[in-house]
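Commentary on secondary and tertiary structure
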Amino acid sequence: MAKLVFGMNQSLDGYVDHQEFAPDPLLFRHWIEHVRDLAGSVYGRRMYEVMRYWNEDRPEWSAEQHEFAAAWRRQPKWVVSRSLKSVGPNATLVSDDIETVIRGLKARLVGEIAVSGPDLARSLTDLGLIDEYRLYFHPVVLGRGKPFFTGPRPPLRLVFADHVGENVIRLTYVPA
């Protein structure tokens, strides 16, 4: 049975904004390995549209960026959206009965399935489907933006804390 994990980079004040801060080389390596090891990813529409950046190689990319893109392209993706009509390669559009689809993925797959997008994570939390939350805190305070948690959560229990990269602290929680 697969484990559903919601984890994202965020500011100290709890906002997720990929344009406001970037991972250092060690953290980027962590993300490459993380994506490479996933059983798949479930995306909300907005986060999927951000991540589609990795669908086509760019001449200015580093070797590490090419490596991340290759890992991302290989991984199966499920995109939860009622507004999209189609999705890119290796992706499946999920527009109805999200709970049944996600429960089916958890039952059928082995390993970790990443959840990408705070709004999607809220919906899946409300359904009791998120098994783990990973908060990657960057030493930045934004004061605005999209929050990591978009609504209340059941009580959480800290199960792990570590440094990832030079300046990032990862806190891992499970529902209490």
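The structure under discussion appears in the preceding block.
Residues numbered from 1 in each chain as written. Predicted model: local features only at pLDDT ≥ 70, side-chain atom pairs only at ≥ 80, totals over all residues. Heavy atoms only, no water.

**Examining the layout of surface pockets**
Taken as a whole, the largest pocket spans an internal volume of roughly 1,200 Å³. In terms of lining, the largest pocket is formed by 44 residues, of which the most central are Met 8, Met 47, Val 50, Met 51 and Ser 116. Of all elements in the fold, only strand S1 (2–11), helix H1 (25–37), strand S3 (40–44), helix H2 (45–51), helix H3 (63–74), strand S6 (111–116), helix H5 (118–126) and strand S7 (132–138) reach the threshold of two or more residues within the lining of the largest pocket. Ranked by the residues each element gives to the lining of the largest pocket, the list is headed by H2, at 5 residues. Looking at the lining of the largest pocket residue by residue, the class counts come to 25 nonpolar, 12 polar and 7 charged. (1 Å grid on protein atoms, 1.4 Å probe; cavity = no way out; pocket = protein on both sides within 12 Å on 5 of 7 lines; lining within 4 Å. Points joined across faces, edges and corners; volume = space filled by probe spheres on them. Helix = DSSP H or I, 4+ residues; strand = E, 2+ residues; numbered from the N terminus. Nonpolar A, V, L, I, M, F, W, Y, C, P; charged D, E, K, R; others polar.)

**Digging into the pairing of strand S9 (residues 156–164)**
The two faces of a sheet get side chains in turn, since along a regular strand they alternate between them. Alignment of S9 against strand S10 (residues 168–175), held across 8 bridges, turns out to be antiparallel. Bridging from a neighbouring strand, Leu 156 pairs with Pro 175 of S10. Between S9 and S10, which pair antiparallel one after the other, the connecting turn spans 3 residues, and Gly 165 there sits at a positive phi close to 75°. (Pairing = 2+ DSSP bridges.)

**Thoughts on the sheet that holds S6**
Read across the open sheet, the 8 strands follow the order S5-S4-S3-S6-S1-S7-S10-S9; overall the sheet is mixed. Every other strand in the sheet has two partners, leaving strand S5 (91–94) and S9 as the edge strands with one partner each. Between one strand axis and the next, the sheet turns through 25° on average, direction left out of account. Relative to S7, S1 is paired through 7 bridges, and the arrangement is parallel. In the sheet register, Gln 10 faces S7, and the bridge partner there is Phe 137. (Axes fitted to C-alpha atoms, helices over the stretch in contact; angles between N-to-C directions.)

**Quick notes on H1**
The terminal C-alpha atoms of H1, which comprises 13 residues, lie 19 Å apart, in line with the 18 Å expected from a rise of 1.5 Å per residue. On the buried face of H1, the contacting elements are S1, H3, S6, S7, S9 and S10. The opening residue of H1, the one whose side-chain oxygen lies 2.9 Å from the backbone nitrogen of Leu 26, is Asp 24. (Expected span 1.5 Å × (residues − 1). Contact = heavy atoms within 4.5 Å. Polar contact = N/O pair within 3.5 Å; in protein donor to acceptor, adjacent residues only side chain to side chain.)

**Details of the nonpolar core**
With 26 residues, the main nonpolar core has Leu 4, Phe 6, Val 42, Ile 102, Ile 113, Val 115 and Leu 124 as its most contacted residues. For this core, the secondary-structure elements that each account for two or more residues are S1, strand S4 (77–80), helix H4 (98–108), S6, H5 and S7. The dominant element in this core, judged by the number of residues it contributes, is S1, at 4 residues. Apart from the residues lying within four places of it in its own chain, the contact partners of Val 115 are Leu 4, Val 5, Phe 6, Gly 7, Val 42, Leu 120, Ala 121, Leu 124 and Ile 130. (Core = buried A, V, L, I, M, F, W, Y, C linked by side-chain atoms within 4.5 Å. Buried < 20%, exposed > 50% of the residue type's maximum accessible area, 1.4 Å probe, protein only.)

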